[in-house]
Each structure stands twice: as structure tokens, then as C-alpha cells.
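A structural walkthrough
Residue-level listing of the chains:
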Amino acid sequence: MKEEQRSLLLTSSARFPPPQGVRLSYGTAGFRADAGLLQSTLYRMGILAALRSLKTNSSVIGLMITASHNKDSDNGVKIADPSGGMLSQDWEPFADSLANAPSPQQLLHLINEFVEKENIPFEGVRAEILLGRDTRPSGESLLEAAKQGISSILGAVAIDVGIVTTPQLHWMVRARNKGVKASELDYFEQLSSSFRCLMDLIPSGITFNEVDNKLVVDGANGVGGEKLEVLKKMLDGLAIEVRNSGKDGGVLNEGVGADYVQKEKVVPHGFGSQDVGIRCASLDGDADRLVYFSVPSESSSKIDLVDGDKILSLFAVFIKEELSILNKEGHKNINSDYQPRLGVVQTAYANGASTDYLRKLGLEVVFTSTGVKYLHEKATEYDIGIYFEANGHGTIVFSECFLCWLESRNNELSSVFKGSEQQKAALRLLAVSKLINQAVGDALSGLLFVEAILRHMGWSIHRWIELYQDLPSRQLKVKVVDRTAVVTANAETVAVSPPGIQEAINAETAKYPQGRSFIRPSGTEDVVRVYAEASTQEAADSLANSVAKLVEEFLGFSSS
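Once a new chain begins, its residue numbering starts again from 1 and follows that chain's sequence as written. With the structure being a predicted model, the display of local features is reserved for residues of pLDDT at least 70 and the display and counting of side-chain atom pairs for 80 or more, all residues being used for whole-chain, interface and lining totals. To obtain the side-chain values, all non-hydrogen atoms of the structure were included, while hydrogens and water were left out.

By the naming in an unreviewed UniProt entry, the protein chain goes by Phosphoacetylglucosamine mutase and is assigned to Fagus sylvatica. UniProt positions are given in the numbering used here, feature names are shortened, and annotations may be inferred rather than shown by experiment. Here the protein chain is described in UniProt, under the heading Catalytic activity (unreviewed entry), as follows: "N-acetyl-alpha-D-glucosamine 1-phosphate = N-acetyl-D-glucosamine 6-phosphate". Comment text from UniProt for the protein chain, heading Function (unreviewed entry), reads "Interconverts GlcNAc-6-P and GlcNAc-1-P."

As a further point, take the layout of surface pockets. Points on a 1 Å grid, built from protein atoms alone, make a cavity when a 1.4 Å probe fits but cannot get out and make a pocket when they are open with protein on both sides within 12 Å along at least 5 of 7 lines; residues with an atom within 4 Å of a point are the lining residues. Grid points are joined across faces, edges and corners, and a volume is the space filled by probe spheres set on the points. Reported here for the second largest pocket is a volume of approximately 590 Å³. Around the second largest pocket, the lining is made up of 32 residues, and of these S83, G85, M86, H376 and A439 lie nearest the centre. Helix and strand definitions here come from DSSP, where helices need a minimum of 4 consecutive H or I residues and strands a minimum of 2 consecutive E residues; each element is numbered from the N-terminal end. Top element by residues in the lining of the second largest pocket is helix α13 (residues 372-379). It accounts for 4 residues. Each residue is assigned to one class: nonpolar for Ala, Val, Leu, Ile, Met, Phe, Trp, Tyr, Cys and Pro, charged for Asp, Glu, Lys and Arg, and polar for all the others, Gly among them. Counted by class, the lining of the second largest pocket contains 12 nonpolar, 12 polar and 8 charged residues. Domain assignment of the residues forming the lining of the second largest pocket places at least three in each of domain 1 (3-180) and domain 3 (315-443 + 456-466). Residue ranges assigned to each domain were obtained from an automatic or database domain assignment.

Next up on the list: the packing of helix α11 (residues 308-326) against helix α15 (residues 421-435). What counts as an axis is a line fitted to C-alpha atoms, over the stretch in contact for a helix, and the angles between N-to-C directions run from 0 to 180 degrees. In contact at an axis separation of 8 Å, α11 and α15 are set at 140° when each is read in the N-to-C sense. Judged on the interaxial angle alone, α15 and α11 are oblique. You can see that α11 and α15 cross each other, and the crossing is left-handed. In this structure, α11 contributes F318, I319, E322, L323, I325 and L326 to the contact, and α15 contributes E421, Q422, A425, A426, R428, L429 and V432. Between 65 and 115 degrees an angle is taken as roughly perpendicular, under 35 as roughly parallel, over 145 as roughly antiparallel, and anywhere else as oblique. By convention the crossing between two helices is left-handed if the near helix lies anticlockwise of the far one by an angle smaller than a right angle, and right-handed if it lies clockwise. We call two residues in contact whenever any of their non-hydrogen atoms come within 4.5 Å of each other.

Omega for the bond connecting S497 with P498 falls within 30 degrees of zero, at 0°, which places this linkage in the cis form. Here P498 is to be found in the loop between β17 (494-497) and α18 (501-509). A positive phi angle, near 65°, is found at N253, a position not held by glycine. Relative to the assigned elements, N253 resides in the loop between β7 (239-243) and α10 (258-264). Burial status follows relative accessibility: with a 1.4 Å probe on protein chains alone, a residue under 20% of its type maximum counts as buried, one over 50% as exposed, and anything between as partly exposed. Using a relative accessible area of 14% as the deciding quantity, one classes N253 as buried.

Further remarks concern α11. For a helix, the expected span equals 1.5 Å multiplied by the residue count minus one. When the terminal C-alpha atoms of α11 are compared, their 27 Å separation across 19 residues agrees well with the 27 Å that a helix rising 1.5 Å per residue should span. With 16 of 19 residues buried, α11 is to be regarded as a mostly interior element. With a side-chain oxygen positioned 3.1 Å from the backbone nitrogen of D309, the residue opening α11 is D307. Polar contact is the term for a pair of N or O atoms within 3.5 Å; when the atoms are in protein, one must be able to donate a hydrogen and the other to accept it, and sequence-neighboring residues count only if both atoms are side-chain atoms.

To continue, consider the environment of I65. One can find I65 in strand β2 (residues 60-65). For I65 and E321, which are 256 residues apart along the polypeptide, the C-alpha to C-alpha distance reads 39 Å. Each residue touching I65, except ones within four places of it in the same chain, is listed here: L42, N75, G76, G132, R133, D134, G139, L142 and L143.

This part is about the UniProt feature "binding site: substrate" (unreviewed entry) in the protein chain. In the numbering used here, UniProt assigns the "binding site: substrate" (unreviewed entry) feature to E389, A390, N391, R520, P521, S522, G523, T524 and R529. With respect to the helices and strands, S522 occurs in the loop between β18 (516-521) and β19 (527-533). Overall, the relative accessible area of 4% leaves S522 in the buried class. Aside from chain neighbours lying at most four places away, what touches S522 is R483, V527 and R529. Tracing the backbone through its elements, the reader meets G523 in the loop between β18 and β19.

Here is the structure:
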């Protein structure tokens, strides 16, 4: 490293001392903490983003300042890789070390060591980083800290894209690295034009009544509500009312948003008896999660929830149907030897009723460990991989090989059987590949896809809710001395350590009709998480408590 570079890093890092007595850890959500603790972290993640760009042959890297569904006083940062996906897991330990280095000298030593180990080119190379932030008041000063970090690496350039949703930033990074248009307007235009295409291809004879045609969206008082107000002006045939857009004095994520609605199963602020029977949706604070809900009666704040499992099921039903139309026999001149692999990816937290429903449809369902990075990685193994967590975070990933085949299949069909059902299926799937954000879960693109499918099927939200009945479930946390004593296998569905605990869980689970239970160590605190489901709520509660007691017996510590 040249003296000029060393001097620049030492001088600039001295302006951003790390907070005393705080240790931060880079997880699936990046770094998150009280915004007042994050100045030095943002500065240092600016450095990491610049190094990541240099390492990946000057690819564009994203840096998003958000704490998603956390309270307004928190903030955070996550890095987007060239694919638009999350930061490579190999770099997470370096992110931790960088954030927690106690002095400028140790920070410089760490960077030097890492640059040599990774063989990162430093001389005369350009690095480019897109910076985005959500609507939190702390975002602006944290943005400045990140810019300082980026400019402390010679040849690194920061491009501020302003206030955006997290998925928009990921989309822009992916688009820039593919060499296609990547502004916010390009994002809106791609979503609205592909949505229009799906609407134009709705089978004739499908009708929607006035109630079913209306959608009311809770914007969590965050950036998603603000952006949906812009997007809805570009859409025809969809009546959207946005509430909690952040403009009416509401507080971000306070009694609003997808996380609140999914966990509490009650209406968000601003919703109530006036919404009985109307289709409602909720975005989270940075618009990467989406859930739907219906208000069943005027006398209660309870809701009928449509979570990520049911959104996944709707997507899977539609894609499976379009693939089967596309692969129908009958057109002898058309080569249809290629059989695309469709896979559904869930975690053990997915409701057992959703997994049963998907398997009965003949779909391949696989499990991964908890965390979006594991789900996304597994989904990329398929031609079409669909994944969702119950919290409403998920997307669809299409392989390049499948999209090339689909393009050529559409061209063949349009030259021989233009306007046939098969060609329409090809056009629909091509439109879906452009509508859905393949980089990351995106509440805005997901919402438009849901709306297109419901119209295509002629379904009300009530018909959708009735796809299957969720099994009652219960989640508990058990405090333990050492969470690492629990080791799991088979995507966290089996505990292999401590010895004998899984057999004891199996014996307990067998006592309950449709019983299922698993344990897993928390990633952040010394607790073991217990999940249980069964045919009734009483049985699920009882099973969860029994398994929690087993955890206490085997790990010999305190109460749940």
C-alpha cells in the first residue's frame, strides 16, 4: 500500500472513533443498532464497499442505509454484491473485524492484511459504489460517514441515489452490472410495463367486482409508501389507496408495517371497520417484505392474515400452471424436449399446512437453514426457484439458461402459432421474469405480481385465504448458558446435539395429531428457539411447553 493511501486512511479514520463498549456483528440484515452508535461503522463499511468493488473487477457495489422494520431511532447498513444479492458470506468476518477495530492503526493493519490475502488490486483501479438510504432522520449523517469511508480509498467513487427502498438499490446494482438502464425511473418503468403485459394477457371472461378491484396498502410510514404513490400513477386497471405513507405524521414501523401485522395479527394503525371485506396489504419499513390481510368483522381488530407462505403458494400455483400450458403436447414443429425444473424453497418455520399443500400439487419442496441468504442460494439451483419466509420476504429466481430457452420458445411459437395459449404462457412467464425483483425480496414488485395473479385467476382475497388452513403454532425462547451446545442438521429440523434430545422431542411430538416441533440456537443471544405446531392451538402450546422443558433438562438452565 502506497504512503499516500496509508496516510489518507489514518487521517480519515481518526475522525470516526468506534463507540466504547459496543461490539457489532454483520448478520443477514447487515449491521443494525441505535443510529447514534453507527457513525464509525458506516465509515468503515464505505471502505469495505470500495474494497469489494476493487476485488470484483471494478463492479458496482451497493451500500444501503436502513434498519428495515426496526424502530425509527435505529439504523443500519448492508452491502449489495455485484449480482444485486447480499454480501458474500466469505466477507462477513472481515466486516465484523473492520467494524470493531479499536484504533486507526489496527484498522489500517486489518485492511493491509486483508488486501494482501485477497490479492485486491489497489493501483490505478476505479471502484464505484451506489449509496441509498431509507426515510430515517439519521440517514443523512450516516450517508456522509459512508461517503468519507469510500473517498478514503484512492480511485473510489460514491454515487448517491437518494432515498430508495432496499430492493430498489439491489435492483440498480444488478442492472448496472448487467449493463442495462438502472435509474429509479427505469425501475418503475420495468415494473409497470411488465405488470401491464400480464394484465393484457388475462384470459377473456375473467371479471372482478368493485370491492375485489380495490387494494388498500399500509406503507409502514416508510419509504415504500412514498414510492408506491409514484408507481401507482403509472398503473392502469388497479385502484390503490396508500395509507401510512409517512406524510401524515405517523412514526416509521410504530403500530404499522408488515412485521407488526404478521407478528401481532391485528390491523395496523389507520385500518378498521371501514375495511371489512376489502383486500389490504402491508409493506415493511424498507419495502422488502409484504403481507396481505383482510378485516373479517367490524367488531374486532383481529385480521385474516395472508403471510409469506400463502404468497409463495399463489406464485407457485400460477407458475406451475403456465409451465404446464407451455409444455403441452400438440405443436409438432416446436421442440419441447427441455423440461424446466421448478423448485420451492422454505425454512422449517414455514407452516406445515403450506408445505403439504405445495407437495400435493406435485411441486418439489426443499428446506434450508433460517435466513434469506440460504434460501436465495438454494433457489438459484433451479431453472425457476421460488422462496419465501413466513414474514413476507421472498422472490423468484430464473436461471439464464431457462430465460434463453423461454425467449427462443416464444419466438418459435410466435412465428408458427401466434396468439396460441402456449405463446401467451411464454409471454406471461417472460413478463414475470421482468416484474419480479430477482436480486432480493421486493414488496412493490411482489405486490404487483399478486395483483396480476388474482385478476388472472378471478380470485378474491377470501378465495386465496382458503387455499389451505394454517396449522396452529407456537414459538418460545428458552434461556441457556451456552446456545452452541445445540447443534442441528437437515436444515435445522433435527437436533444432533446434545445426544438424546431429538429422540425425546420425537416422543413428545408423537403424542399430538399433526404435531411437529424443532429447536435451534439463536444467532444473536444465549437462547434456544422452540417451534411447535399441531392440530389445535391448545395442542401446539402444550407441545411447545413440553419441548421447552426438554431443552431446560438437557441444557440444565433457567426458565423459558
